[in-house]
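# A look at the structure
Next come the chains, spelled out residue by residue.
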Amino acid sequence: MTAPTHTPSSHTPTMPTSAGGTLHEPVIDWFEAHARDLPWRRPEAGSWGVMVSEFMLQQTPVNRVLPVYEQWLARWPRPADLAKEAPGEAVRAWGRLGYPRRALRLHGAAVAITERHGGDVPTEHAQLLALPGIGEYTAAAVASFAYGQRHAVLDTNVRRVLARAVTGVQYPPNATTAAERRLARELLPDDERTASRWAAASMELGALVCTAKNETCQRCPIAAQCAWRLAGKPAHEGPARRGQTYAGTDRQVRGKLLAVLREALAPVQQAVLDRVWDEPVQRARALDGLVSDGLVEPLPGGLYRLPLT
């Protein structure tokens, strides 16, 4: 979801003999002309800025991430700055981005970076993958976008671009498959610099042009080669795509409970939390889930707070 923090003045693609060779140059050229100016794409963001953005951008749109990202980096410009704080402060600063376990994972990664790597985000993919809370996607994204390395970076946007342009279907499977990973690796340019630009460019193409709905093929630099468009844009025939609901769910209740605790400067009484949701069984289930996930710490006397350890 980000792009490399280094911005080379030119690219010299070294194309493989695969089908990707005809896709790289037009997509990268389009990216050079149309990429959004985002703070994590600027050189001053550094590897920590890239990592923070990757955690925040998972399942969250850019416009919601921007203000929280900037506040976060102003407060914690290096991993060690965050590591010194209680994990609950990361949850508090996460605000209403949603999926707040990401805040705890980012805090855990900051602690590990400080303890294992002297406070510098590691450069090696294997070291990134060994950090708590970092999976294959985030490790590849940080290695590629922060350090210009050659990795297949498969987020939802890239998967959709490859599904349409190469495979000829409207949407990728609900979960990333081995076949998708293999295709992404086969399509990687041989040259590291070009590969990192391809990763960023294909992601941006999916975010701005080859979108999930109302794609704008007339703006697409590879429309003439797109297998799905050339096939007449056949409708999706796979399993139903998963939709996301929020209203009335445990996730909404969890968000309301956390909102009270984020605003509180002292531990909160159970009675105060009881006011946020009328249905007691669902409210108790949501609170128990927050405690189980380490997002809320119960105290004697029916008090609750954000975690200190």
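It should be noted that the structure appears before, not after, this text.
First, a word on scope: everything that follows refers to the structure included in this document. Everything numeric here is computed off the predicted structure, so don't read it as measured data.

## A few points about the overall build of the protein chain
Of regular secondary structure, the protein chain possesses 15 helices and three strands. Compactness check: the protein chain gives a C-alpha radius of gyration of 21 Å against a globular reference of 19 Å for 309 residues, within 12% of the reference. Here the protein chain, with 309 residues, has 49% of them falling under the buried criterion. Taking the contacts inside the protein chain whose residues are at least 6 apart along the sequence as the reference set, 66% of them involve residues at least 24 apart. Total accessible area on the protein chain is roughly 14500 Å²; 52% of this is exposed by carbon and sulfur atoms. The distance from the centre of the 36 positive side-chain charges to the centre of the 31 negative ones in the protein chain is 5 Å.

## Some remarks on the sheet that holds strand β3 (residues 303–305)
On the basis of which strands lie adjacent, the open sheet formed by three strands has the order β1-β3-β2 and antiparallel pairing. Of all strands in the sheet, those bounded by a partner on one side alone are β1 (268–269) and β2 (297–299). Of the strand pairs in this sheet, β2 and β3 are connected by three bridges, and their pairing is antiparallel. Across the sheet, L299 pairs through a bridge with L303, a residue of β3.

## Details of the packing of helix α9 (residues 156–167) against helix α10 (residues 178–187)
Any two packed helices are characterised by the angle at which their axes cross and by the distance between the axes. Contact pair α9 / α10: the axes reach a minimum separation of 11 Å and the direction vectors enclose 75 degrees. Here α10 runs roughly perpendicular to α9, going by the angle between their axes. Where α9 abuts α10, its residues R159, L162, V166 and T167 lie against E180, L183, A184 and L187. Taken together, the residues of the contact of α9 with α10 break down into five nonpolar, one polar and two charged.

## Considering unusual backbone geometry
Phi at Y99 takes a positive value of approximately 45 degrees, unusual for a residue other than glycine. Here Y99 is to be found in the loop between α5 (87–94) and α6 (101–117). Judged by its relative accessible area of 24%, Y99 is partly exposed. For N214, which is not glycine, the phi dihedral falls at a positive 55 degrees.

## Structural notes on the pattern of salt bridges
Pairing between side chains of opposite charge can happen when the charged atoms of each approach one another. By the definition in use, this model includes 16 salt bridges. Notably, a salt bridge pairs R150 with D190, separated by 3.9 Å at the nearest N-O pair. One end of the pair, R150, is in the loop between α8 (136–147) and α9; the other, D190, is in the loop between α10 and α11 (192–208), with 40 residues separating them in the sequence. With a relative accessible area of 45%, D190 lands in the partly exposed category. The salt bridge partner of R254 is D293, with a shortest N-O separation of 2.8 Å. Residue R254 is found in helix α13 (residues 250–263), and its partner D293 is found in the loop between α15 (280–292) and β2; the two are separated by 39 residues along the sequence. Taking the relative accessible area as the measure of exposure, R254 reaches 16% and is therefore buried. Relative accessible area serves as the criterion here: at 26%, D293 is assigned to the partly exposed category.

About the cut-offs
- Residues numbered from 1 in each chain as written.
- Predicted model: local features only at pLDDT ≥ 70, side-chain atom pairs only at ≥ 80, totals over all residues.
- Heavy atoms only, no water.
- Helix = DSSP H or I, 4+ residues; strand = E, 2+ residues; numbered from the N terminus.
- Rg over C-alpha atoms; globule rule 2.2 N^0.38 Å.
- Buried < 20%, exposed > 50% of the residue type's maximum accessible area, 1.4 Å probe, protein only.
- Contact = heavy atoms within 4.5 Å.
- Areas by Shrake-Rupley, 256 points an atom, 1.4 Å probe, with all protein chains shown as cover.
- Lys, Arg positive; Asp, Glu negative; His and termini not counted.
- Charge placed at Lys NZ, Arg CZ, Asp CG, Glu CD.
- Pairing = 2+ DSSP bridges.
- Axes fitted to C-alpha atoms, helices over the stretch in contact; angles between N-to-C directions.
- Parallel < 35°, antiparallel > 145°, perpendicular 65-115°, else oblique.
- Nonpolar A, V, L, I, M, F, W, Y, C, P; charged D, E, K, R; others polar.
- Salt bridge = Lys/Arg side-chain N within 4 Å of Asp/Glu carboxyl O.

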